[in-house]
Amino acid sequence: MVTPRKDNSAHPKPISDRAPIASRGSEFQSPALERLIRSLSRLPGLGRKSATRIALYLIQADGSLGEELSEAIAESLAQVRRCSRCGAITEDDPCAICTSQRRDGHRLCVVASPVDILPLEKAGIFQGRYFVLGSLISPLDGVQAGDLPFPRLLAQIAENEVKEVILALDSSVEGETTSLYIQRLLQEYPLKLTRLATGIPVGGALAYTDEETLQRAFEFRRPY
Ligand SMILES: [Zn+2]
């Protein structure tokens, strides 16, 4: 029987024994589990500690959740795509909003991310179509205007004879920079350029704005 040591420092191991353990850091003795942890820790907001907790939970919870999760990920990767016209998340391309005859194709609402469409649709306050930029101009993060699909936006405006472009972007520095860029881009176009009015908190994310605030912001949108 091995007697547990109370104080490791009293019985230091030889350097040659300690070195390999130290160089492995906090890795498990399973390359497969390490790969899972590394993959999970690349998810936004997850560090190694949380990734380890999730990975252990997945492999310990009788395996069914892990299997369901891997199937759901595989299915989503195979079926979910971006609408080639508006950039929304969809399984059909073009998406239901782009193909709907009930939507007003002359009005185009520009959003940064596909999730920004959801609160607007849920509130039912906009019957036009959307255009997803995919990102906001952010030089500090290395995102320049040339990285965003502005040529496609201009093509859509011409193709659909768009009469109003509504900028529904976050009221952050990046949102303001992008709005200003679009304003300059469209200043020669014969259309009304509006943006969401008061209500969106400064620095706030559109996707997390409550319905009523969003509705008011939409109602009182003002010319840019
Ligand atoms: Zn679409």
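Source: prediction; values computed, not measured. Counting of residues starts from 1 at the beginning of each chain's written sequence and follows it residue by residue. Where local features are concerned, this predicted model is filtered to residues with pLDDT of at least 70; where side-chain atom pairs are given and counted, the filter is 80 or more; whole-chain, interface and lining totals use all residues.

Some points on the nonpolar core
- Put simply, a nonpolar core is a cluster of buried Ala, Val, Leu, Ile, Met, Phe, Trp, Tyr and Cys residues tied together by C-beta atoms within 7 Å. Three exposure classes are used. Buried residues have 20 or more other C-beta atoms within 10 Å of their own C-beta, exposed residues have 12 or fewer, and partly exposed residues fall in between, all C-beta atoms being placed from the backbone. With 31 residues, the main nonpolar core has Cys86, Cys109, Val110, Val111, Tyr130 and Ala168 as its most contacted residues.
- Elements with a minimum of two residues in this core: β3 (104-111), α6 (117-123), β4 (128-132), β5 (164-167) and α9 (211-219).
- With four residues, β3 is the single largest residue contributor to this core.
- Placing a C-beta atom from the backbone of each residue, one calls two residues in contact when those atoms lie within 7 Å. Among all residues touching Cys86, those that are not within four sequence positions of it are Cys95, Ile97, Cys98, Arg129, Tyr130, Phe131 and Val132. Elements are defined by DSSP. Helices are runs of H or I of four residues or more, strands are runs of E of two residues or more, and each kind is numbered from the N terminus.

Looking at the environment of Phe218
- Within the fold, Phe218 resides in helix α9.
- Residue Phe218 is classed as partly exposed on the basis of its 19 C-beta neighbours within 10 Å.
- Along the primary structure Phe218 and Leu196 are separated by 22 residues, whereas in three dimensions their C-alpha atoms are 5.4 Å apart.
- Here Phe218 is in contact with Ile125, Phe126 and Leu196, once residues within four sequence places are set aside.

As for the confidence of the model for the protein
- Confidence of the predictor at the level of single residues is captured by pLDDT, which takes values from 0 to 100. Looking at the protein, the pLDDT average stands at 85 and 83% of residues meet or exceed 70.
- Taken element by element, the predicted model of the protein shows its lowest mean pLDDT in helix α1 (residues 15-23) (41) and its highest in β4 (97).
- Below a pLDDT of 50 lies the segment residues 1-23, which in the model reaches two contacts outside its immediate sequence neighbourhood of four places, other chains included.

Regarding the pairing of strand β6 (residues 192-195)
- As judged from the four bridges shared by β5 and β6, these two strands associate in the parallel manner. Note on β6: the bridge partner recorded for Ile166 is Thr194.
- For crossovers, right-handed means that the path from the first strand over the helix to the second runs clockwise, given strands pointing away from the viewer. In this fold, the crossover linking β5 to β6 by way of helix α8 (residues 173-185) has right-handed handedness. A pair of strands is treated as paired once DSSP finds two or more bridges between them.

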